[in-house]
Amino acid sequence: MQENNATVASAASNEDIIAVQDLNKWYGEFHVLKSINLNVRKGERIVICGPSGSGKSTFIRCINHLEAHQRGNIVVDGVELNEDIKNIEAIRREVGMVFQHFNLFPHLSVLENCLLAPIWVRKTPRDQAIETAMQYLERVKIPEQAHKYPGQLSGGQQQRVAIARALCMQPKIMLFDEPTSALDPEMIKEVLDVMIELAGSGMTMLCVTHEMGFAKTVADRVIFMDGGEIVEQAAPETFFSNPQQPRTQEFLEQILQH
Amino acid sequence: MATPHQSLPDLPPPATQRGLLGWLRENLFSTWYNSILTVVIGYWLVTTLVPLIDWAFFSAVFTGEGPQSCAPEGACWIFVYERLGFFLYGFYPEELRWRPDIAFLLFAITVVPQFFPTPAVIKKWLAIFGLTGLPVAGYILIAGGHFGLEPVATSRWGGLMLTLILAYVGIIAAMPIGTALALGRRSEMPIIRGICVVFIEFWRAVPLITILFMASVMLPLFLPEGVTFDKLLRALVGITLFQSAYMAEVVRGGLQAIPKGQYEAAEALGLGYWRRMRLIILPQALKIVIPGIANTVISLFKDTTLVLIIGLFDILGAVKSTLSDPAWGNVMAEGYLFVAFCFWVFCFGMSRYSHRLEKKLETGHKE
């Protein structure tokens, strides 16, 4: 595969951190993921795009077992993902996730949202967890909101808190499930800026997003999914300038038109 | 002077500032039928409330000795005063009543600060004491038999004391059992789900009065000879199981109102099932159903009067049993008003507490 020369320098190594083999998933009779194969290298940044219903969200939700798959193998950071709850929880500790609708815990303050998992899952002492949480809140540029509740923040701020909350677990991989789709247009940039900064730090990232500017800036690889399959994958410059598949060309025409 | 000053036109003041007459016209006499309603209701209030207040306070007799001091045109509060001991404690031995008094004092110390601005740490410890230490201390004090305290059989317990014991134990036992049942009913494990569904549907489908009858009449028939359970204990178990089923459905309503994203976010952070429930889901779900819980608790408090039918003398039973005393004549109204007043004080207190709690836990989040 062609190496990237994108704006944000890649930190991808040659070591695989995620290996997905022949992944299949059905919702009842509906075959939603069809034999997906994907290897992600440590530090690689992948953008997954595709029309709605293409299975892209379902795919990344399989990686931390928010969705169960019926056939195939997923190995994350050397741990095989199966029905064993120990393995699932081991993987979730190393995989952070950011959701479309933020999903902050409304009954806890911003700081407590960030402390919860480090204290209860990682058993970090409280003082140390607070120190780490404040570092990440500063990194997403809202340390001053630490004692407010999520309901008092704007959408963009909430999503930045959600990113900080995931980072507080110091995960090796970050999954983003359409992180900017529920935001007002003027708030998208503040979230993307945080994600771009994060990409620069060498984090392994899988992002389901329609932000093609973001894909061009940081992605090592862009994956196009349709109908539950990976139709095409390439480095962003190849992907956008010279898509091979007619289905990809059609999709790019649609979303790059406006 | 450039342009002459134009004064603004006078506007009528807002309705609320037009004085008493304005308010009366606005609210009570705005239309002809409104006026008629006002007059009719006013007439009714004057003809019923005035004599009632007169009977209960102005013509009433508060002090004196025995029935002969009472006047026929006023309430005879001496009756309530002289029988207060029985109304509050039932047949509990008079010389030992300091023990329930201490238990009640502990109860008051636990509960009253929750209504006033108190540091959160103190409230938390009082709440923990109320759920664990208080029932134990209360049992040791009231039942006796330990630490050199003379034992008092439960058949001698009665009055308001019994009502409070039934309600308190019922509430603090039904809360955790009900919550566990609600979680069980949503479990992914079919056996656990099945057990919880059957349990809830069984107890919810049977009237409390039947359960109490079963506990007091039928249960002894099924037990081997010589094995007896205390009648009060049987009533307590019956009330607790019955209320747990109701509580479970109230809590389940709250669990269902929590968006799926909350479960997913908690899972994605690596929290296990019990921590997800305890730290994320239940705090939010229980907060949502505070009005429902308060409702269940208040109805439980009032349902305790049903123990009368199995021969336990709660406050209603105790008062009722004294009303037939010929020496006092007709004191029914006084007795029942006293019971109503006691119930109102406690139920209103619970209602206010639930409102406070709701306000306090509000974090400005609306989904």
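Residues numbered from 1 in each chain as written. Chains lettered and ligands numbered in written order. Predicted model: local features only at pLDDT ≥ 70, side-chain atom pairs only at ≥ 80, totals over all residues. Heavy atoms only, no water.

Caption draft 1: Broad picture of the domain arrangement of chain B. For chain B, the assigned domains are domain 1 (20–58) and domain 2 (78–92 + 152–361). The straight-line distance from the C-alpha centre of domain 1 of chain B to that of domain 2 of chain B is 40 Å. (Domains from an automatic or database assignment.)

Caption draft 2: Molecular detail of the nonpolar core. Phe79, Tyr92, Trp157, Val307 and Ile315 of chain B are the most contacted members of the largest nonpolar core, which totals 69 residues. What Phe79 of chain B contacts, discounting residues up to four positions off in sequence, is Phe87, Thr322, Leu323, Trp328, Val331 and Gly335 of chain B. Core analysis: the second largest hydrophobic core is formed by 53 residues, Ile36 of chain A together with Leu183, Leu279 and Leu282 of chain B among them. (Core = buried A, V, L, I, M, F, W, Y, C linked by side-chain atoms within 4.5 Å. Buried < 20%, exposed > 50% of the residue type's maximum accessible area, 1.4 Å probe, protein only. Contact = heavy atoms within 4.5 Å.)

Caption draft 3: Broad picture of the interface of chain B and chain A. Taken together, the 22 residues of chain B in the interface contact 22 residues of chain A. For the chain B and chain A pair, buried surface summed over both sides reaches about 2,100 Å², with 61% attributable to carbon and sulfur atoms. The three residues of chain B that bury the most area against chain A are Ala268, Leu269 and Thr363 of chain B, which together make up 28% of that side's buried surface. Scanning the region where chain B abuts chain A turns up two salt bridges. A salt bridge links Glu267 of chain B to Arg92 of chain A; the nearest nitrogen and oxygen atoms lie 3.0 Å apart. (Buried area = accessible area lost by both parts, 1.4 Å probe. Salt bridge = Lys/Arg side-chain N within 4 Å of Asp/Glu carboxyl O.)

Caption draft 4: Fine view of the sheet that holds strand 6 (residues 95–98) of chain A. Residues and elements named next belong to chain A. Strand order in the open sheet formed by six strands is 6-7-8-3-9-10, and the pairing between neighbours is mixed. The open sheet has two free edges, formed respectively by strand 6 and strand 10 (229–234), since each of these has just one partner strand. This sheet shows a mean twist of 20 degrees between the axes of neighbouring strands, independent of strand direction. Sheet topology note: the strand 6/strand 7 (residues 173–177) ladder contains four bridges and is parallel. Bridging across to strand 7, Val95 finds its partner in Ile173. Packed on one face of the sheet, helix 6 (residues 185–200) meets strand 3 (45–49), strand 7 and strand 8 (204–208) and runs near 150 degrees to strand 8. Set on the sheet, helix 9 (residues 246–256) makes contact with strand 3, strand 9 (221–226) and strand 10; between it and strand 9 the angle comes to about 100 degrees. (Pairing = 2+ DSSP bridges. Helix = DSSP H or I, 4+ residues; strand = E, 2+ residues; numbered from the N terminus. Axes fitted to C-alpha atoms, helices over the stretch in contact; angles between N-to-C directions.)

Caption draft 5: The arrangement of the packing of aromatic side chains in detail. Scanning the entire structure with this criterion turns up 16 aromatic pairs over all chains. Relative to Tyr33 of chain B, the ring of Trp32 of chain B has its centre 5.6 Å away and its plane inclined at 85 degrees; by these criteria the two rings are edge-to-face. The interplanar angle of 90 degrees and the centroid separation of 6.1 Å between the aromatic rings of Phe91 of chain B and Phe313 of chain B together place this pair among those described as edge-to-face. Here Phe313 of chain B lies in the loop between helix 13 (290–303) and helix 14 (315–322) and Phe91 of chain B lies in the loop between helix 3 (77–89) and helix 4 (98–111), a separation of 222 residues in the sequence. Judged by its relative accessible area of 32%, Phe313 of chain B falls in the partly exposed class. An aromatic cluster is present here, built from Phe86, Phe91 and Phe313 of chain B joined pairwise through their rings. Arg165 of chain A extends its terminal NZ or CZ atom over the ring of Phe105 of chain A, reaching a point 4.5 Å from the ring centre. Over the face of the ring belonging to Phe240 of chain A we find Lys216 of chain A, whose NZ or CZ atom lies 4.9 Å from the ring centre. (Phe/Tyr/Trp six-rings, centres within 6.5 Å; stacked < 30°, edge-to-face > 60°. Lys NZ or Arg CZ within 6 Å of the ring centre and 35° of its normal.)

Caption draft 6: Geometry of the environment of Pro100 of chain B. Residues and elements named next belong to chain B. Turning to its location among the elements, Pro100 is positioned in helix 4. With relative accessibility at 5%, the residue Pro100 sits in the buried group. A C-alpha to C-alpha distance of 6.6 Å links Pro100 and Leu141, two positions 41 residues apart in sequence. Excluding its chain neighbours within four sequence positions, the residues that come into contact with Pro100 are Tyr89, Tyr92, Ile142 and Met161.

Caption draft 7: Representation of the state of the cysteines in the model. This structure, assessed with the given rule, holds zero disulfides over all chains. As a non-bridged cysteine, Cys168 of chain A has Cys114 of chain A as the owner of its nearest cysteine sulfur, 4.4 Å distant. Take Cys342 of chain B: it sits in no disulfide, and the sulfur closest to it among the cysteines is that of Cys347 of chain B, at 11 Å. For Cys342 of chain B, a relative accessible area of 11% translates into the label buried. (Disulfide = S-S within 2.5 Å.)

Caption draft 8: How the structure looks around the pairing of strand 10 of chain A. Residues and elements named next belong to chain A. Taken together, the five bridges between strand 9 and strand 10 define a ladder with antiparallel strand orientation. When the sheet's bridge partners are listed, Val222 is paired in strand 10 with Ala234. Taking the residues that link successive antiparallel strands as the turn, the strand 9-strand 10 hairpin has two residues, and the phi of Gly227 there is positive, at about 60 degrees.

Caption draft 9: Just helix 4 of chain B, in detail. All names here are of chain B. The terminal C-alpha atoms of helix 4, which comprises 14 residues, lie 20 Å apart, in line with the 20 Å expected from a rise of 1.5 Å per residue. Every buried residue belonging to helix 4 is among Arg99, Pro100, Ala103, Phe107 and Thr110, and all of these are buried. Along the long axis of helix 4, the arc covered by the buried residues comes to 95 degrees, so they all point the same way. Those residues of helix 4 hidden inside the fold are in contact with helix 3, helix 5 (120–131), helix 6 (133–143), helix 7 (159–185) and helix 15 (332–361). (Expected span 1.5 Å × (residues − 1). Arc of directions from axis to C-beta.)

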